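# Examining the three-dimensional arrangement
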Amino acid sequence: MRLAHLFWALRDVSDVRSVDIHLARELAELAGEAAEAVAIATVFAARALGRGSACVGLEELVPFAHGAGVAPDAAGLERALRREPTLCGDGSFGALPPLELVDGRIYLGRYWRAEQRVAARLRALASRRMPVPETLRARLDALFEDDSPGAAGQRLACAVALTRGLAVSSGGPGTGKT
């Protein structure tokens, strides 16, 4: 399928915005033989971002890519994208491609890199241990005098929050997170 027809067909895909098409057109112009694969990957990655997701799985692109005659399956689409390493990276740092193809998912490159920075920061915080004050046990005993299972869980959550650089409290309504 020629690019002009491809872009026309992409306009009919649900939730595809003009900005998605524009970005895909710009990147496809930079691509070589895999221009159509780059265009499809870009439109669907940008569309996913507009829907609140950082990436889109290659499998989700296959029906459109197959119908457009670009690739019969996810492996074919991946091979086509890998032929454009300046436009589609593999998640390794160094180059700054506009697309990243990692573990069968396509990301817009800047969002992949931002996600990796956030993940690295969270890992660093999670591995950081805080000094434990000598008075911690006595303070927790004073706060949680009750021996009920709920109080024991809250006591443990409080101790974890006070001794780690990062702690996440989760649970449904009424489970004592506050």
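Look up a bit, the structure's there.
Scope of this entry: the structure provided in the associated data block. (Residues numbered from 1 in each chain as written. Predicted model: local features only at pLDDT ≥ 70, side-chain atom pairs only at ≥ 80, totals over all residues. Heavy atoms only, no water.)

As judged from the three bridges shared by strand S1 (residues 55–57) and strand S4 (residues 105–108), these two strands associate in the antiparallel manner. Following the sheet pairing, Val56 is matched in S4 by Ile106. Here strand S3 (residues 99–102) runs beside S4; their pairing, made up of four bridges, is antiparallel. Opposite Leu101, over in S4, you have Ile106 as the bridge partner. Count of turn residues in the S3/S4 antiparallel hairpin: two residues, of which Asp103 carries a positive phi of about 50 degrees. (Pairing = 2+ DSSP bridges. Helix = DSSP H or I, 4+ residues; strand = E, 2+ residues; numbered from the N terminus.)

A few words now on the packing of aromatic side chains. Applying the stated criterion across every chain, the model contains two aromatic pairs. With 5.8 Å between their ring centres and 55 degrees between their planes, Phe44 and Phe64 make a pair best called tilted. Of this pair, Phe44 sits in helix H3 (residues 35–50) while Phe64 is found in helix H4 (residues 58–67), placing the two residues 20 residues apart along the sequence. The cationic tip of Arg25 hangs over the ring face of Phe7; the distance from NZ or CZ to the ring centre is 4.7 Å. Of note, Arg110 hangs over the ring of Tyr111, and the distance from its end group to the ring centre comes to 5.9 Å. (Phe/Tyr/Trp six-rings, centres within 6.5 Å; stacked < 30°, edge-to-face > 60°. Lys NZ or Arg CZ within 6 Å of the ring centre and 35° of its normal.)

A separate point is the layout of surface pockets. Using a probe with the size of a water molecule, rolled over the atoms, empty space left in the structure can be pinpointed. Considering only enclosed or pocket space, the largest pocket measures out at about 230 Å³ in volume. Around the largest pocket, the lining is made up of 13 residues, and of these Gln154, Ala157, Ser169, Gly176 and Lys177 lie nearest the centre. (1 Å grid on protein atoms, 1.4 Å probe; cavity = no way out; pocket = protein on both sides within 12 Å on 5 of 7 lines; lining within 4 Å. Points joined across faces, edges and corners; volume = space filled by probe spheres on them.)

This brings us to the nonpolar core. The nonpolar side chains of a soluble globular protein tend to be buried, and buried together. Counting 40 residues, the largest nonpolar core has Leu10, Phe44, Leu81 and Ile106 as its most contacted members. Those elements that provide at least two residues to this core are helix H1 (3–10), helix H2 (18–30), H3, H4, helix H5 (74–82), S3 and S4. In terms of residue count, the dominant contributor to this core is H3 (eleven residues). Filtering out sequence-adjacent residues up to four positions away, Leu81 remains in contact with Ala37, Val38, Ala41, Leu58, Cys88, Leu101 and Ile106. (Core = buried A, V, L, I, M, F, W, Y, C linked by side-chain atoms within 4.5 Å. Buried < 20%, exposed > 50% of the residue type's maximum accessible area, 1.4 Å probe, protein only. Contact = heavy atoms within 4.5 Å.)

Let's shift gears to the environment of Ala75. Along the polypeptide, Ala75 turns up in helix H5. Given the relative accessible area of 39%, Ala75 is considered partly exposed. With 13 residues separating them along the chain, Ala75 and Val62 place their C-alpha atoms 9.4 Å apart.

What follows deals with the side chain of Glu84. Structurally, Glu84 can be placed in the loop between H5 and strand S2 (88–89). Buried and unpaired, Glu84 has Arg83 as its nearest opposite-charge partner, separated by 6.5 Å. Within the local environment of Glu84, its side chain forms a polar contact with the backbone nitrogen of Ala34, the two atoms lying 3.4 Å apart. Setting aside residues no more than four positions away along its own chain, Glu84 makes contact with Ala31, Gly32, Glu33, Ala34 and Val38. (Lys, Arg positive; Asp, Glu negative; His and termini not counted. Salt bridge = Lys/Arg side-chain N within 4 Å of Asp/Glu carboxyl O. Polar contact = N/O pair within 3.5 Å; in protein donor to acceptor, adjacent residues only side chain to side chain.)

Our next topic: H1. Taken as a whole, H1 has its buried residues at Leu6, Phe7 and Leu10. One side of H1 carries all its buried residues, which in axial view fall inside an arc of 95 degrees. In H1, the exposed positions that point more than 90 degrees away from the buried face belong to Ala4 and Trp8. (Arc of directions from axis to C-beta.)

In spatial order, the strands read S1-S4-S3-S2; together these four strands make up an open sheet with mixed pairing. Each end of this open sheet is capped by a strand with a single partner; those strands are S1 and S2.

By the element assignment, Thr42 lies in helix H3. As for Thr42 and Leu108, which are separated by 66 residues in sequence, their C-alpha atoms are 7.4 Å apart. Not counting the four nearest positions on each side in its chain, Thr42 is found in contact with Leu23, Ala24, Leu27, Leu99 and Leu108.

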